[in-house]
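Each chain, letter by letter, is given below.
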Amino acid sequence: FYWNFGPDLEPEPGSSVLEPISASVQLTHNKSNMPLSSLNTPRFAAFLTLNSLDLTLSNKQYHLLAQILNIIDWQRRIKMNRQWHPGVPLRNNARLWWQFAINAVKAPIAFKMQRLSRNFIMKRASLLVKYVSMYTAMLTKPEIKDLIKIDLKELEKGLEYDEIYIMRSLALAKVKRSSPLLARATQSTPTPSEPETSSYWSSWMPAWAWYSSNQSDNSEQLSTEASDPVDYSLFFDKDTVFAKISAQLIQGSLKLLEYTADGAAAPLVEFNFNNLSLGAEYRLKTDTIVLSASLKDVTLNTCSTADTLFPHVVSRSTIRPGPRTDNPVIEVYYEHNPVSPSLDILVRVTTQPLDIVYNENVID
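Source: prediction; values computed, not measured. (Residues numbered from 1 in each chain as written. Predicted model: local features only at pLDDT ≥ 70, side-chain atom pairs only at ≥ 80, totals over all residues. Heavy atoms only, no water.)

An account of the overall build of the chain is needed here, citing residue identities and associated values.
Helices and strands together make up the secondary structure of the chain, namely 9 helices and 9 strands. Residues classed as buried in the chain amount to 27% of the 364 residues present. Contacts spanning at least 24 positions in sequence make up 61% of the contacts within the chain whose residues lie at least 6 apart. Carbon and sulfur atoms form 60% of the exposed surface of the chain, whose accessible area is close to 24,300 Å². (Helix = DSSP H or I, 4+ residues; strand = E, 2+ residues; numbered from the N terminus. Buried < 20%, exposed > 50% of the residue type's maximum accessible area, 1.4 Å probe, protein only. Contact = heavy atoms within 4.5 Å. Areas by Shrake-Rupley, 256 points an atom, 1.4 Å probe, with all protein chains shown as cover.)

An account of the pattern of salt bridges is requested, with residue identities and associated values reported.
Under the counting rule described, the total for this entry stands at 8 salt bridges. Taking the shortest distance from any N to any O, the salt bridge between R76 and D73 comes out at 2.7 Å. With a gap of 3 residues between them, R76 and D73 both fall in helix α1 (residues 59-80), about one helical turn apart. Of the residues examined, R76 reaches a relative accessible area of 46% and is grouped as partly exposed. The shortest N-O distance in the salt bridge between R124 and E163 comes to 2.9 Å. In this pair, R124 sits in helix α3 (residues 118-140) while E163 sits in helix α5 (residues 161-178), placing the two residues 39 residues apart along the sequence. Ionic contacts of the salt-bridge type, sharing partners, join the residues D73, R76 and R77 into one network. (Salt bridge = Lys/Arg side-chain N within 4 Å of Asp/Glu carboxyl O.)

Break down the packing of α3 against helix α4 (residues 145-156) for me, with residues and values.
The N-to-C vectors of α3 and α4 enclose an angle of 155 degrees; their axes lie 10 Å apart at closest approach. Classified by the angle their axes make, α3 and α4 are roughly antiparallel. The element α3 and its partner α4 pack so that their crossing is left-handed. On the side of α3, the interface is formed by L127, K130, Y131, M134, Y135, A137 and M138, while α4 contributes K145, I148, K149, D151, L152, L155 and E156. Broken down by class, the residue content of the contact of α3 with α4 amounts to 9 nonpolar, no polar and 5 charged. (Axes fitted to C-alpha atoms, helices over the stretch in contact; angles between N-to-C directions. Parallel < 35°, antiparallel > 145°, perpendicular 65-115°, else oblique. Left-handed = near helix turned anticlockwise from the far one by under 90°. Nonpolar A, V, L, I, M, F, W, Y, C, P; charged D, E, K, R; others polar.)

Describe the packing of aromatic side chains, listing the residues and the values that go with them.
Per the stated rule, a full pass over the model turns up 5 aromatic pairs. Ring geometry for F44 versus F242: centroids 5.5 Å apart, planes at 70 degrees, classification edge-to-face. Here F44 is found in strand β2 (residues 44-58), whereas its partner F242 is found in the loop between α8 (217-226) and β3 (243-259), with 198 residues between them in sequence. Taking the centre distance of 5.8 Å and the plane angle of 85 degrees together, the rings of W97 and F100 count as edge-to-face. Taken as a pair, W97 and F100 lie in helix α2 (residues 94-115) at a separation of 3 residues, close to a single helical turn. Stacked on the ring of Y333, the Lys or Arg R348 has its end atom at 4.6 Å from the ring centre. (Phe/Tyr/Trp six-rings, centres within 6.5 Å; stacked < 30°, edge-to-face > 60°. Lys NZ or Arg CZ within 6 Å of the ring centre and 35° of its normal.)

Outline the nonpolar core, listing residues and values.
In terms of nonpolar packing, the biggest core is built from 17 residues, with Y131, Y135, I148 and L152 touching the most fellow members. Broken down by secondary-structure element, the contributors of at least two residues to this core are α3, α4 and α5. By residue number, the principal contributor to this core is α3, which donates 8 residues. In contact with Y131, not counting residues within four places along its chain, are L152, L155, E156, L159, I164, M167 and R168. Within the second largest apolar cluster, 6 residues are counted, among which are L249, F273, L295 and V329. (Core = buried A, V, L, I, M, F, W, Y, C linked by side-chain atoms within 4.5 Å.)

Could you give me a rundown of the packing of α3 against α5, with the residues and numbers involved?
Taken N-terminus to C-terminus, the directions of α3 and α5 make an angle of 50 degrees; their axes are 9 Å apart at the nearest point. Between α3 and α5, the crossing angle belongs to the class labelled oblique. At the point where α3 passes α5, the crossing takes the right-handed sense. Seen from α3, the contacting residues are R124, L128, Y131, V132, Y135, T136, L139 and T140; seen from α5, they are E163, I164, M167, R168, A171, L172, K174 and V175.

Put into structure tokens, the structure is as follows:
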């Protein structure tokens, strides 16, 4: 990928922003019929490997990028305030333009204050209660499902996604408590069905084999709604780790160039790092989310200072007591809803000492 800022369409020296990359992706799905209890055995896993990621950015490209971002932000603000735009010339219409500026400032404030009013809160509470009741009726009465869906779509136009998610979860929990049929289906141990009665999804999700055509229509409807993304799966919530995503970048670099008066590209600084690892894990059984990141090594080299004794502006420290270790220079671990009952969020950061050299040319 290159960004040519000249009149020609052919790439010029120094116009390449991203060098060619090579990547591999590995997807894994464990089809075991039994719940997976090990932290090292997720139900779904994805692993991405990038060999190298080399970026180059010149001062001209940086200024062009800043201008593009400013134009995008300008267009966003124009679109947001277009409804009050007077649509007349500025000359001899000062009052209309001043009113336009006042409305553009007052509208976001008025919207927030309106949502905090007692009248809005009472109407929204009544709307949410009505939505839960209608969604519960749709789950328990399949014969009127089509009619209720039309009314639900109208109600959802005035709701946020998070509100719809919570209301559906409440309705689904209410149906589970009041329906013995669904309760037995939830508590029963899944068993594989015969090949001739299994659906297409049973090849990917064998635990859903119990959900077959021999169930009654009402049971099938309730089970389908229960396996909706609102409530995840009735079987997968028994797995310790539902999904795990990992990514590794072997090495990467970022070079900053500056074009001189004669048109030559001179490097300013070069940022290098290696073994960048990212991970995400979702434990459906305990509703736990784990995020992790680590960086093995990092260096920032100056290229503008000739014959310097300190070419590394930032590097791993070499002056410290004890033997040298190959631990990552930084490791970050985040866990939401950990196993410990006394914690809601666990954050752990581990760093290694770095050597930082003051270089006026790099800062300027």
